[in-house]
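Close look at the chain arrangement
The lines below spell out each chain.
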Amino acid sequence: MEKHEKTNKMGIVDKWLKKHSVAYSGATRHPFIHSIRHGTVDLSSFKRWLGQDYVFVRASVPFVASVLLKAWKESDDSSDVEVILGGVAAFNDELAWFKKEASKWDVSLSDVVPLNANLRYCSFLESLMSSDIEYTVAITAFWACETVYQDSFAHCLEDNSNTPEELRETCERWGNDGFGQYCLSLREIANRLLDKAPADVVSKAEVVFLRVLEYEVEFWNMSHAETSGLTL
Ligand SMILES: Cc1ncc(CN)c(N)n1
């Protein structure tokens, strides 16, 4: 098949994005994201999100490393490893950025207590590290996780947005074009693998995709957790 034919073809994840557009919008157009985009964000919510996300990103490193390992063992295309390796390398920079941003906002990262929604999402990712989980399923989860952030924060950078100046750097971290391209590369990998996968693996990947969307919504919800109800 010619390359241009391949890119024009609608892949399985593209179909899921249409089929589950309500769930997808729930994750990418959450009230927390709207509040950033409208410039009405409550700074204590932003700080809570920042601390929780630092914990999440640290915990997701072994998951991404496990996806890399699966790609190295199972992929029929060596460029997958390079794409995922790019993601692993970006985590280093991301963790340094969290430290810088936390000191700007006076958030003490060492004092962050992970909330239950965060712990649940981290254990879900940990469950996907098992060698029983197919590469196709794991890369679908990874693509979905990265894409929700890319789409959400890119929305805050659109021309008609009113994102506060001091939050633009956060939005650019995930909303920039380079990160967008990287998410598209992950999407191509997921589509290619799903195209060849048996039906039960495709169903499993679709369930995992929907679970990621649910966990992402719960994650955003934590930003407006009342201090009295920190078990979210
Ligand atoms: C909850 C969450 N989801 C996704 C991302 C993007 N790696 C993140 N930093 N945090």
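Above this text sits the structure in question.
What counts, and where the lines are drawn
Residues numbered from 1 in each chain as written. Predicted model: local features only at pLDDT ≥ 70, side-chain atom pairs only at ≥ 80, totals over all residues. Heavy atoms only, no water. Axes fitted to C-alpha atoms, helices over the stretch in contact; angles between N-to-C directions. Helix = DSSP H or I, 4+ residues; strand = E, 2+ residues; numbered from the N terminus. Parallel < 35°, antiparallel > 145°, perpendicular 65-115°, else oblique. Contact = heavy atoms within 4.5 Å. Nonpolar A, V, L, I, M, F, W, Y, C, P; charged D, E, K, R; others polar. 1 Å grid on protein atoms, 1.4 Å probe; cavity = no way out; pocket = protein on both sides within 12 Å on 5 of 7 lines; lining within 4 Å. Points joined across faces, edges and corners; volume = space filled by probe spheres on them. Left-handed = near helix turned anticlockwise from the far one by under 90°. Near = heavy atom within 4 Å. Polar contact = N/O pair within 3.5 Å; in protein donor to acceptor, adjacent residues only side chain to side chain. Areas by Shrake-Rupley, 256 points an atom, 1.4 Å probe, with all protein chains shown as cover. Sits in = over half its atoms within 2 Å of the grid points. Expected span 1.5 Å × (residues − 1). Buried < 20%, exposed > 50% of the residue type's maximum accessible area, 1.4 Å probe, protein only. Arc of directions from axis to C-beta.

Here the focus is the packing of helix α6 (residues 79-104) against helix α9 (residues 168-175). Relative orientation and spacing of two packed helices are given, respectively, by the angle between their axes and the distance between those axes. Where α6 meets α9, the closest approach of the two axes is 12 Å, and the angle between their N-to-C directions is 170 degrees. Between α6 and α9, the angle falls in the class roughly antiparallel. Here Asp93, Glu94, Trp97, Phe98, Lys100 and Glu101 of α6 come into contact with α9, specifically with Glu169, Thr170, Arg173 and Trp174. The residue inventory of the contact of α6 with α9, partitioned by class, reads 3 nonpolar, 1 polar and 6 charged.

This part is about empty space enclosed by the protein. Summed over all chains, the structure comprises 1 cavity of 30 Å³ or more. Estimated volume of the largest cavity: approximately 130 Å³. Along the walls of the largest cavity sit 15 residues, with Phe56, Val57, Ser60, Cys145 and Glu146 positioned nearest its centre. Listing elements by their share of the lining of the largest cavity, those giving two or more residues are α5 (43-74), α6 and α8 (135-155). The element contributing the most residues to the lining of the largest cavity is α5, with 6 residues.

Attention now moves to the packing of α6 against helix α10 (residues 177-196). Between α6 and α10, whose axes approach to 10 Å, the crossing angle comes to 140 degrees. By the angle between their axes, α6 is oblique relative to α10. Between α6 and α10 lies a crossing of left-handed hand. For the pair α6 and α10, the contacting residues are Asp80, Val83 and Gly87 in the first and Tyr182, Ser185, Leu186, Ile189 and Arg192 in the second. Split into classes, the residues belonging to the contact of α6 with α10 amount to 4 nonpolar, 2 polar and 2 charged.

Lining the immediate environment of the ligand, one finds Asp53, Phe56, Val57, Glu94, Tyr121, Cys145, Glu146, Tyr149, Trp174, Glu216 and Phe219. Here Asp53 contributes a side-chain N or O atom positioned 2.6 Å from a nitrogen atom of the ligand. Interatomic distance of 3.2 Å between a side-chain N/O atom of Tyr149 and a nitrogen atom of the ligand. For the ligand, the protein covers 99% of the area, taking 290 Å² as the surface of the free molecule. Here the ligand occupies the largest cavity. Among the elements of the structure, α5, α8 and α11 (199-222) are those that each provide at least two residues to the shell around the ligand. Classifying every residue of the shell around the ligand gives 7 nonpolar, no polar and 4 charged.

Okay, α8 next. Across its 21 residues, α8 extends 30 Å between first and last C-alpha, which sits within 8% of the 30 Å expected from 1.5 Å per residue. Among the 21 residues that make up α8, 20 are buried, leaving the element largely enclosed by the rest of the structure.

Once that is clear, we can look at α9. Helical geometry: 3.6 residues make up each α-helical turn, so side chains three or four residues apart lie on a common side. Taken residue by residue, α9 has Thr170, Cys171, Arg173, Trp174 and Gly175 as its buried positions. When α9 is viewed along its axis, its buried side chains cluster within an angular range of 165 degrees and face the same direction. The inward-facing, buried residues of α9 abut α4 (31-37), α5, α6, α8 and α10.

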